[in-house]
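Structure at a glance
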Amino acid sequence: MASLHLIKLQQRLPPHAKIGLYYDGFGELPTQPLLDWCQHLGYFSYLPVVGSFGRDSKGNVDKHLRFVPIYQSKLLNIPTRIHSLGMKQNHHRRLLWARELDVIVCPLVAVDKSGNRMGMGGGFYDTTLSKSYQAGLKKPLKIGWCYDFQVVEQLERQPWDVPLDGLITPSGLRWF
């Protein structure tokens, strides 16, 4: 049902848009319909790569996501390995920065009616998107993709949180 509302997102995108997706591996709303939509409309789709810069001076994985192109028609067919945090990811030499994408579809655990997103606690999306958000850039659009039951009245917002620009659920598309 959520994919029926993608036409409303399409109205804000340039031809051949670059769209960051994610693997739905933790009970999220399936993302294969997003990939199908991208391929049907000639959009270029990408998946996040965690830790492409290795580790910081404290030995922690660098939290800036970069994005690798998807060349398969089915997410299940993409060769992956499991990241240390349990996420599937594909590696490729051609990695894009988030700012090179037109849209990033963000995974979430919950989102409130103002667009504040609660992720899984790693801070990867907030870290990746913080500079463009603080600079007031319109690109990339940050879109949530989730079930209706994940929408809550209000979440506590932290100073480092980057809110969504829009949200797609089976009930519709909402802009913030």
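Up top you'll find the structure we're talking about.
Residues numbered from 1 in each chain as written. Predicted model: local features only at pLDDT ≥ 70, side-chain atom pairs only at ≥ 80, totals over all residues. Heavy atoms only, no water.

1. Observations regarding the sheet that holds strand β10 (residues 141–145)
- If you trace the eight strands from one edge of the open sheet to the other, you get β6-β3-β2-β1-β7-β10-β12-β13, paired in mixed fashion. The open sheet has two edge strands, β6 (96–97) and β13 (172–175), and neither has a second partner.
- Where strand β2 (residues 44–49) meets strand β3 (residues 66–69), four bridges bridge the pair, whose relative direction is antiparallel. Within β3, the position partnered with Tyr 46 by the bridge is Pro 69. (Pairing = 2+ DSSP bridges. Helix = DSSP H or I, 4+ residues; strand = E, 2+ residues; numbered from the N terminus.)

2. Comments concerning helix α3 (residues 124–134)
- Those residues of α3 lying buried are Phe 124, Tyr 125, Asp 126, Thr 128, Leu 129, Ser 130 and Ser 132.
- In this structure, the buried side of α3 is in contact with β2, β7 (103–106), β9 (117–118) and β10.
- Phi turns positive, to about 75°, at Gly 136, one or two residues after α3. (Buried < 20%, exposed > 50% of the residue type's maximum accessible area, 1.4 Å probe, protein only. Contact = heavy atoms within 4.5 Å.)

3. Notes on empty space enclosed by the protein
- According to the stated counting rule, one finds one cavity of 30 Å³ or more in the structure shown.
- Taken as a whole, the largest cavity holds about 30 Å³ of empty space.
- Along its surface, the largest cavity is lined by Cys 106, Arg 117, Tyr 125, Asp 126, Leu 129, Lys 142, Val 162 and Leu 164. (1 Å grid on protein atoms, 1.4 Å probe; cavity = no way out; pocket = protein on both sides within 12 Å on 5 of 7 lines; lining within 4 Å. Points joined across faces, edges and corners; volume = space filled by probe spheres on them.)

4. Observations regarding the packing of aromatic side chains
- All chains considered together, the criterion is met by two aromatic pairs.
- Seen from their ring centres, Trp 37 and Tyr 43 are 5.2 Å apart, and the 70° between their planes marks the pair as edge-to-face.
- Owing to a relative accessible area of 11%, Trp 37 belongs among the buried residues under this scheme.
- We classify Tyr 43 as buried; its relative accessible area is 8%.
- Both rings, one in Tyr 147 and one in Phe 149, keep their centres 5.4 Å apart while their planes meet at 10°; by these two values the pair is stacked.
- For the cation-ring pair, Arg 12 lies above Trp 175, with the distance from its terminal atom to the ring centre recorded as 3.6 Å.
- Note that Arg 66 overlies the ring of Trp 97, its terminal NZ or CZ placed 5.2 Å from the centroid. (Phe/Tyr/Trp six-rings, centres within 6.5 Å; stacked < 30°, edge-to-face > 60°. Lys NZ or Arg CZ within 6 Å of the ring centre and 35° of its normal.)

5. Re the nonpolar core
- With 46 residues, the main nonpolar core has Leu 13, Ile 19 and Trp 145 as its most contacted residues.
- Those elements that provide at least two residues to this core are α1 (6–10), α2 (32–41), β2, β3, β7, α3, β10 and β12 (166–169).
- Aside from chain neighbours lying at most four places away, what touches Leu 13 is Ile 19, Trp 37, Tyr 43, Val 103 and Leu 141. (Core = buried A, V, L, I, M, F, W, Y, C linked by side-chain atoms within 4.5 Å.)

6. Here we look at the pairing of β3
- Judged by which residues are buried, β3 turns out to be covered on both faces: Arg 66 and Val 68 on one side and Phe 67 and Pro 69 on the other are all buried.
- Of the pairings in the sheet, the one linking β3 to β6 comprises two bridges and is antiparallel in character. Each residue of the ladder has a partner; that of Phe 67, found in β6, is Leu 96.

7. Focus: unusual backbone geometry
- Put simply, Lys 139 and Pro 140 share a cis peptide bond, and its omega is -5°.
- Mapped onto the fold, Pro 140 is located in the loop between α3 and β10.
- Positive phi, normally seen in glycine, also occurs at His 16, with a value near 60°.
- In this fold, His 16 is placed in the loop between α1 and β1 (18–20).

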